[in-house]
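Inside the fold
The primary structure of each chain is shown beneath.
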Amino acid sequence: EAGVTQSPTHLIKTRGQQATLRCSPISGHTSVYWYQQALGLGLQFLLWYDEGEERNRGNFPPRFSGRQFPNYSSELNVNALELEDSALYLCASSLVLGADGVDQPQHFGDGTRLSIL
Amino acid sequence: AQTVTQSQPEMSVQEAETVTLSCTYDTSESNYYLFWYKQPPSRQMILVIRQEAYKQQNATENRFSVNFQKAAKSFSLKISDSQLGDTAMYFCAFMKYRDDKIIFGKGTRLHILP
């Protein structure tokens, strides 16, 4: 079974540009989560998509946005890039609820390292 | 709001030793999950172990076990017979029941020395 895949591995941008990060969930998973892992700030929840809808977002400005496609893959878009957006962006996927009604664990990809020059 | 605190930023132990990583959390919820994730230098976050708060029995996964003290809001990870491949950043994490986002601690960088 293929895991969560993210692309690109590394992305270099300059201030003010836009970045697009992509994530393919594990086959059968309908939920996709985005996290930001910035130096000194730890991992912070960014966005949750399920069945094509944004279900929840963390404490991030609106220039962080995304979408989920019918095949459940997802894009994270960051507009008007700022230096502090430099971070590792991790995508995770899960089934929202398993057949036994228990919350399912999130499985993570390798991340996209976004560097802002 | 929930918080997760890992008081040990970095630890080093000799191979084959046992090591315990500490984690405390704060929540007013009664139903929740606790996790330990491992992030090796390869970057991928790997779920090591999961504990449901309603279960009194401590979770175990091979060489990994937890000491879950619900009243004290403590959730430590014990790694027995540590191996070089255990070298990684370890994150303690919390998720409310039926919620979506995981709240992570700042992490403990663990070095297993040969």
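See above for the structure.
Note that the structure is predicted; figures quoted are calculated from it, not measured. (Residues numbered from 1 in each chain as written. Chains lettered and ligands numbered in written order. Predicted model: local features only at pLDDT ≥ 70, side-chain atom pairs only at ≥ 80, totals over all residues. Heavy atoms only, no water.)

Here we look at the interface of chain B and chain A
With 19 residues of chain B at the interface, the matching set in chain A holds 26 residues. In total, chain B and chain A occlude about 1900 Å² of area from one another, counting both sides; carbon and sulfur atoms represent 51% of this. Among the residues chain B hides against chain A, the three largest losses belong to R43, R98 and D100 of chain B. Together they make up 34% of the total. The tally of links between chain B and chain A comes to 0 salt bridges. If you look at where chain B meets chain A, you find 4 residue pairs in polar contact (both at pLDDT 80 or more). Those elements that place two or more of their residues in the side of chain B that touches chain A are strand 5 (32–39), strand 6 (46–52) and strand 10 (88–96) of chain B. The class makeup of the residues in the side of chain B that touches chain A is 9 nonpolar, 2 polar and 8 charged. (Contact = heavy atoms within 4.5 Å. Buried area = accessible area lost by both parts, 1.4 Å probe. Salt bridge = Lys/Arg side-chain N within 4 Å of Asp/Glu carboxyl O. Polar contact = N/O pair within 3.5 Å; in protein donor to acceptor, adjacent residues only side chain to side chain. Helix = DSSP H or I, 4+ residues; strand = E, 2+ residues; numbered from the N terminus. Nonpolar A, V, L, I, M, F, W, Y, C, P; charged D, E, K, R; others polar.)

Side note on the sheet that holds strand 3 (residues 19–24) of chain A
Residues and elements named next belong to chain A. Spatial ordering of the open sheet is given by 1-3-8-7, a layout of 4 strands whose pairing is antiparallel. Only two strands of the sheet have a single partner each, and these edge strands are strand 1 (5–7) and strand 7 (64–68). For this sheet, the mean inter-axis angle between neighbouring strands, taken without regard to orientation, is 20°. In this structure, strand 1 lies alongside strand 3, joined through 3 bridges in antiparallel fashion. Within the sheet, the bridge partner assigned to S7 lies in strand 3 and is R22. (Pairing = 2+ DSSP bridges. Axes fitted to C-alpha atoms, helices over the stretch in contact; angles between N-to-C directions.)

A look at unusual backbone geometry
All names here are of chain A. Here S7 and P8 are connected by a cis peptide whose omega angle stands at -10°. Within the secondary structure, P8 is located in the loop between strand 1 and strand 2 (10–13). For A80, which is not glycine, the phi dihedral falls at a positive 45°. Mapped onto the secondary structure, A80 falls in the loop between strand 8 (74–78) and strand 9 (87–94).

Quick notes on the layout of surface pockets
Computed from the structure, the largest pocket encloses a volume of approximately 520 Å³. What lines the largest pocket is a set of 23 residues, and nearest its centre among them are Q37 and L39 of chain A together with Q39, M89 and R109 of chain B. Considering only residue class, the lining of the largest pocket consists of 11 nonpolar, 8 polar and 4 charged. Estimates place the volume of the second largest pocket at around 310 Å³. (1 Å grid on protein atoms, 1.4 Å probe; cavity = no way out; pocket = protein on both sides within 12 Å on 5 of 7 lines; lining within 4 Å. Points joined across faces, edges and corners; volume = space filled by probe spheres on them.)

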